[in-house]
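Each chain is listed here by its residues.
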Amino acid sequence: MARRYWLMKSEPSVFSFEDLARAPRRTTHWDGVRNYQARNLLRDEVRRGDGVLFYHSSADPTGVVGTAVVAREAYPDPSQFDPASPHHDPKSKREAPTWLCVDLRCDRAFRHAVTLAQLRAAPALAGMGVLRKGNRLSVQPVTQAEWRAVLRLGGLEEAD
DNA sequence: GCCAACGTTGGC
DNA sequence: GCCAACGTTGGC
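As the structure is a prediction and not an experimental result, all values here were calculated from the model.

## Some details on the protein's contact with DNA strand B
As a structural note, the neighbourhood of DNA strand B is formed by Tyr 36, Lys 91, Lys 133, Gly 134 and Arg 136. For DNA strand B, the fraction of protein-proximal atoms (within 4 Å) that sit in sugar or phosphate groups is 63%. Residue Lys 91 places a side-chain N or O atom 3.0 Å away from a phosphate oxygen belonging to DNA strand B. Residue Lys 133 places a side-chain N or O atom 3.0 Å away from a phosphate oxygen belonging to DNA strand B.

Here it is in structure tokens:
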């Protein structure tokens, strides 16, 4: 099956694309998802090798800053069992974990970040979930056409 | 800091 | 099952 494409959000003050680039083997777990719809996407749809647009939310400016690759498919998010974590979920049981995470490997930084305003201005991206008002999903599907258009805006002309 | 949008919780 | 209250997200 052809690989699929996703947009994943992170607040850079918590975890940024630069943090991902500096991680050992440029890979780390993308955790803290506490929304059932997003969890179900991670569980049912996100596959190793899928492409990820890494989006900085609550940033200045907000926007897509680079690409990552899904390095490991969904597995129990360790932070749900960690009382010291802000994502701790005391109701989740180890034998039946509620929350999942995936591993992301940093792929390519954009030559220039693609801001939310630029995404909105691109006709090819009119249907993107991240542009919808009130949208809060931290994992969202992206079409191949959208993927290509965003990479082009980011200055990655030769991208897949 | 404000506030709209949305998800979750809990009383009934 | 309804729905008000509350908490969170996230752009501005």
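## What to know about the protein's contact with DNA strand C
Lining the immediate environment of DNA strand C, one finds Lys 9, Tyr 55, Ser 57, Ser 58, Thr 62, Leu 116, Arg 120 and Arg 136. The sugar and phosphate moieties of DNA strand C supply 82% of its atoms located within 4 Å of the protein. Within the contact set of DNA strand C, a phosphate oxygen lies 2.8 Å away from a side-chain nitrogen or oxygen of Lys 9. In this structure, Ser 58 approaches DNA strand C through a main-chain N or O atom, which is 2.9 Å from a phosphate oxygen. Tallied by class, the residues present in the surface near DNA strand C amount to two nonpolar, three polar and three charged.

## Section: the pairing of strand E5 (residues 100-115)
When strand E2 (residues 27-30) meets E5, the two strands line up antiparallel, connected through four bridges. The residue bridging Thr 28 from the neighbouring strand is Leu 104, located in E5. Of the pairings in the sheet, the one linking strand E4 (residues 63-76) to E5 comprises 10 bridges and is antiparallel in character. Note on E5: the bridge partner recorded for Thr 67 is Arg 108.

Rules of the game
- Residues numbered from 1 in each chain as written.
- Chains lettered and ligands numbered in written order.
- Predicted model: local features only at pLDDT ≥ 70, side-chain atom pairs only at ≥ 80, totals over all residues.
- Heavy atoms only, no water.
- Near = heavy atom within 4 Å.
- Polar contact = N/O pair within 3.5 Å; in protein donor to acceptor, adjacent residues only side chain to side chain.
- Nonpolar A, V, L, I, M, F, W, Y, C, P; charged D, E, K, R; others polar.
- Pairing = 2+ DSSP bridges.
- Helix = DSSP H or I, 4+ residues; strand = E, 2+ residues; numbered from the N terminus.

None of the figures reported here should be taken as evidence of function without further support.
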